[in-house]
Structures are given as C-alpha cells and as structure tokens.
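Descriptive structure summary
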Amino acid sequence: MTWRDAFGLVARELRRRAGRSALTVAAVALAAALLTALVTIAQTAQTRVLSEVTTGGSLAGIKVAAAAPDPSQVDRDNATPGPPRPLDDAALRRIRNLPNVDAVYPVISVPVVVLAPERIPVPGSAGSITGGTGEGVGPAQPYGDNLTGVAVDQVARLPITLLAGRLPGTANEIDVTPDFLDRLHIPQKDA
C-alpha cells in the first residue's frame, strides 16, 4: 500500500461518515485543550506553593494546637481536638529538638471582649477627638475578637503576610484589622 492509497482510503471514509469524523476530531481537540489546561494549572499551583513556602507564606508554618491528640480521629481531615493541654516552655523545647525543625516561635491568640474608649485621641492634636469627621466618637458597643501576639523581633521568620502599612517595631504598638477601624468609625487613611 502506498501513501496515495492510504490517503484515498481516509478521504473515502471521511466522506462516508462525515459526522463521526467531525465528532472524533472535536473530541481529540477538546482532550488536547483540557490536558494543556490541566498541566498549566498544576504548574501554576506548584509555583505558588513553592513561592509561599520560600517567602514565609501561610503554607510555611505548622500550627500546633494546644490540645491533647485524639487517636480515634487520625483518619479525618477536620479532626476535633482532645482536651486542652498547655504548650509551655518544655513543650516548645521538645518541638525545637525534633529533626528537621528550623525554628519554633509561639504565636499566642486569646479570645477577648473589646471595649473601645469613649473618645479616641488623634495623634498630633491637642486632645481633639475624631472618627473621621472631626467630631467626637461616642462609646462603641463591646464585641468579641481574638488578640494575637507574636515575637516582633522574629516576624521575618513567621508565616505573616502584611497587606498594607508596616509591622509594629516595638512591644507597645499594635496592628489592627480594617474591621476594628470600622467598628470605631475611623477611616483607614486616618488610622
């Protein structure tokens, strides 16, 4: 059989079953496009994960819950913790001494009830009070939130991503969320 004979057979089959041939070509094109998209998505995900790990993103840290393990939940992705157990200095030392552990820094988070002051002083003004309008702000309603503390001298090694502004430089400074500013009626530009 020559190439000419093979192309003749193909042309005859395409004319005889044009619908099936068109569907086959469409299926092959769709499969190729999906495979290309899947490979692209996988490479992008791998690049983003590696970027997060190398720059200290949220994937770079391992969270150790202050609770006793529950062996009956070892096969669950969203296991409920056992009874509370403190992570004291001895526990931190044991974690630091594990193989392949680079560093251990405590991140303390406790639930709090926030009571905002009745009046909020504006830095640089002689006792003037503002909520963005130049007028005093009345008492805000108390609300529940979480207070989180980290070692500010080691913040470069922690999985913290700062979206705007700067991190506190001393222990007497705090960072707040936009939600906190909204509750106090303070525009972000005046924070």
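So, how was this worked out
- Residues numbered from 1 in each chain as written.
- Predicted model: local features only at pLDDT ≥ 70, side-chain atom pairs only at ≥ 80, totals over all residues.
- Heavy atoms only, no water.
- Helix = DSSP H or I, 4+ residues; strand = E, 2+ residues; numbered from the N terminus.
- Buried < 20%, exposed > 50% of the residue type's maximum accessible area, 1.4 Å probe, protein only.
- Contact = heavy atoms within 4.5 Å.
- Areas by Shrake-Rupley, 256 points an atom, 1.4 Å probe, with all protein chains shown as cover.
- Patch = residues over 30% accessible without salt bridge, like charges linked within 9 Å, V, L, I, M, F, W, Y side chains within 5 Å.
- Salt bridge = Lys/Arg side-chain N within 4 Å of Asp/Glu carboxyl O.
- Lys, Arg positive; Asp, Glu negative; His and termini not counted.
- Charge placed at Lys NZ, Arg CZ, Asp CG, Glu CD.
- pLDDT = per-residue confidence, 0-100.

So, about the overall build of the protein. From N to C terminus, the protein includes four helices and two strands. The secondary structure elements of the protein, listed N-terminal to C-terminal, are α-α-α-β-β-α. A burial count over the protein gives 13% of its 191 residues as buried. Taking as baseline every contact in the protein between residues at least 6 positions apart, the subset at least 24 positions apart corresponds to 48%. With the model as given, the accessible surface of the protein reaches about 15,500 Å², and the carbon-plus-sulfur share is 60%.

A few words now on the side chain of Ser21. When you line up the elements, Ser21 lands in helix α2 (residues 18-54). Apart from the residues lying within four places of it in its own chain, the contact partners of Ser21 are Glu13 and Leu14.

Let us now look at a nonpolar patch on the surface. Together, Leu35, Leu38 and Val39 make up an exposed nonpolar region whose accessible area comes to about 290 Å². Examined against the element boundaries, Leu35 turns out to sit in helix α2. Overall, the relative accessible area of 53% leaves Leu35 in the exposed class.

This brings us to the pattern of salt bridges. As enumerated under the stated definition, the model contains two salt bridges in all. The partner of Arg16 in a salt bridge is Glu13, and the shortest N-O contact between them spans 3.0 Å. You can see Arg16 and its partner Glu13 sitting in helix α1 (residues 3-16), three residues apart, about one turn around the helix. Glu13 serves as the salt-bridge partner of Arg17, at 3.2 Å between the closest nitrogen and oxygen. On the basis of relative accessible area, Glu13 is assigned to the partly exposed category, the value being 31%.

This next bit is on a positive patch on the surface. A cluster of basic residues, Arg85, Arg93, Arg94 and Arg96, forms a positive patch at the surface. By secondary structure assignment, the location of Arg94 is in helix α3 (residues 89-96). Residue class for Arg94 comes out exposed when judged on its relative accessible area of 54%.

Take unusual backbone geometry next. Generally, phi is negative for residues other than glycine and the peptide bonds are trans, each holding for most cases. Even without glycine at this site, Asn100 takes up a positive phi of about 65 degrees. Among the secondary structure elements, Asn100 is positioned in the loop between α3 and β1 (108-114). Of the residues examined, Asn100 reaches a relative accessible area of 84% and is grouped as exposed.

Confidence in the prediction of the protein, expressed as mean pLDDT, is 74, and 69% of residues score 70 or more. Low pLDDT, under 50, characterises residues 127-137; the predicted model gives this stretch 28 contacts beyond four residues in sequence or across chains.

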